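For reference, the chains in residue letters:
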Amino acid sequence: MEELDVEPALTVVPGVAPGRGLHFQWGPGEMLVCEAAFPGAGHGEKGPGCPYIYVLRKDQDIYLHTLRKLFNESHGIFVGLQRSEEELSGKSRKAQLVGVSKNYRSVIRACMEDMHQVAISTRDPALHNQYSTQVSILSAMELIWNLCEILFVEVAPAGHLLLHLLDWVRLHVCDVDSMVREVLNSENPSKHELFWNVVDIFVLQGRMEDARHLLSKEAAANPTSKGMCKILDDLMKKMPILGLGNTQTLTEMELKWQHWHEECQRYLQDGTFASNSHMESICKILLGDENAILEKKELMTTWYHFLVTRLLYSHPAVKPVELRFYAQSSLDQFLGGENSPEPLDTILMAAFEFEIHQVIKECSIALSNWWFVAHLTDLLDHCKLLQSHNLYFGSNMREFLLLEYASGLFSHHSLWQLGVDYFDHCSEYGRVYLELHIERIPLTTEQKALKVLRICEQRQMHEQVRSICKIMAMKALHNNRLGSALSWSIRAKDAAFATLISDRFLKDYCERGSFSDLDLIDNLGPSMLLSDRLTFLGKYREFHRLYGEKRFSEAAKLLLMLMTAHIAPCSFWMTLLTDALPLLEQKEVIFSAEQTYELMRCLEDLTAGKLDNQKLQDDDIETTKVEMLRLAFARNLARAIVKEGTLEGS
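First, a word on scope: everything that follows refers to the structure included in this document.

Reading the values: the criteria
- Residues numbered from 1 in each chain as written.
- Predicted model: local features only at pLDDT ≥ 70, side-chain atom pairs only at ≥ 80, totals over all residues.
- Heavy atoms only, no water.
- Phe/Tyr/Trp six-rings, centres within 6.5 Å; stacked < 30°, edge-to-face > 60°.
- Helix = DSSP H or I, 4+ residues; strand = E, 2+ residues; numbered from the N terminus.
- Buried < 20%, exposed > 50% of the residue type's maximum accessible area, 1.4 Å probe, protein only.
- Salt bridge = Lys/Arg side-chain N within 4 Å of Asp/Glu carboxyl O.

With respect to the packing of aromatic side chains
Given two aromatic rings, one states the distance between the centres and the angle between the planes to describe the pair.
At step 1: Evaluation of the coordinates by the stated rule reveals 21 aromatic pairs.
At step 2: Measuring from centroid to centroid gives 6.1 Å for tryptophan 145 and tryptophan 371, while their planes differ by 35 degrees, and the two rings are tilted. Of this pair, tryptophan 145 sits in helix α3 (residues 125-154) while tryptophan 371 is found in helix α17 (residues 371-382), placing the two residues 226 residues apart along the sequence.
At step 3: Taking relative accessible area as the criterion, tryptophan 145 reaches 0% and is therefore assigned buried.
At step 4: For the ring pair tryptophan 168 and tyrosine 304, a centre distance of 5.5 Å and an interplane angle of 40 degrees mean the geometry is tilted. With tryptophan 168 in helix α4 (residues 160-172) and tyrosine 304 in helix α13 (residues 303-314), this residue pair connects regions lying 136 residues apart in the sequence. In this structure, tryptophan 168 and tyrosine 304 share a single accessibility class: buried.

Digging into the pattern of salt bridges
At step 1: Taken as a whole, this structure holds 26 salt bridges when the rule is applied.
At step 2: A salt bridge links arginine 105 to glutamate 149; the nearest nitrogen and oxygen atoms lie 2.9 Å apart. Taken together, the residues span a long stretch of sequence, with arginine 105 in helix α2 (residues 90-121) and glutamate 149 in helix α3 at a distance of 44 residues.
At step 3: For arginine 105, a relative accessible area of 12% puts it in the buried group.
At step 4: In this structure, glutamate 604 and arginine 630 form a salt bridge, with 3.3 Å as the shortest nitrogen-oxygen distance. Residue glutamate 604 is located in helix α29 (residues 593-608), and its partner arginine 630 is located in helix α30 (residues 620-649); the two are separated by 26 residues in the primary sequence.
At step 5: Taking the relative accessible area as the measure of exposure, arginine 630 reaches 35% and is therefore partly exposed.

This is how it looks when you write it as structure tokens:
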């Protein structure tokens, strides 16, 4: 068994007395914990224990309402990526994947901005801290994702790589807009205490146009420094950078950069900026003096800002494979042995070292949910970067992380619908997970049950379809909603349950003299063949309909067929014979002599107890019914014989 990378977090269960045991039960996405007194333990305090049952959830972020946008919108991007045109190759496929990555980042940023607004507006200190923490986490997620996009998805070559890293730093590190506004809105910007700080930040981030604009303010306000400002402005203007749309080669750019570097060195050695420490410091930064750059440590705030600035002015044509060496030395120099790296530093360092699996592993440990690693791994898998990496316990890394994330979604009352699509795109174990999780969804309403049922039917999950229908049929039966119960049992193709509900319909008819849910019974169609009792219910209702439409001959044939074919339950024969009385008393002869003999035989079988040993109750009411039936049969038989004899004679 592998050793743990980090010690598991300690969870304190409040109210549990020291020395007492805990009983727990695992669930799909949570665990129930309660205090337990184990017999014969012989230790621990006696007395009343903790009266509560606690629910521990492993994916608490799933329940944060403010993160719903992240889950919902990223789901659409994920599904779109799975359905995208795999046949695209080369630049087209690469551009498509970069676009997907940027879409993910835009969702993270939008969610972060919404969370920031909520944090500002809330008055509850605890909620404010919670939202602020989430903003920090989302900011770190976007930072990591953006770097992975540059290194693994964009795969920027030497020269262009630095441009992407500069954009990365400008977007994520040291937002100076408020400081710039404060300086520019002052009466005399060049005299503002933060003026040179802003110029330094612009230079450190390679924002030369902005830095030159501020220098022009200094030149206009101080004529004595105008010459130095002009020289420094020219140096900034001449600084060679390999633009994205530039046609010059990397060799040409390196040659120009070398000449420019020598010019900066010459001005510094000549003492051109000796009278102004700020400009001299900027010139040293342009020369890539690491000590001069580190003096601005407070303005950069992070080691990766220092790394990008160092590369900009010392190694502008850095190659991707060289990043790891510069990144490690930048981290060591920036921290200076005073502080140990944070989890974010470890993740970024793994990315600069192109250790994709280490990035995913460290993110899984550091982040509070599976969203980030699941979607990033899926994207990298589409980039063909994880094809050779299989886990020792089954599926590949992509599928494992998607399964974990989707399992967390299924613990939420509404987000479970998103989880279905994630399981669908896990080819090895996705269907098994879906079958296990979908059976645990609480079917609180018929609408929700129909939604779950539709998902199962679309995927030919027949066992789950039957299970859901049985559950809903039982719920409806308990609530005495026989029509709904019958409908669910037919959908489940459960003959035994359909028979049970049909018996309930017949029992209610015997008690009330009428059927409920006539629309359902009238439109059973082929479904009535599910069970004999359901067939009888449908045919018996058809008998009543024919009788109501005064189609007496058809009704009589159907009634006789129900008895002679043994479709009707024996307990219902007396009711059927009683239903024959109105037909026997019609002016026109309905039952022929042969049919009347059949009815008489059925009555005698019933009274003699020949069928299933069912004996007629010996009471006045039943005796009266039998006598009435015998009399009616005798009268009808006489009428039928006379009628049939007359017809034969004529």
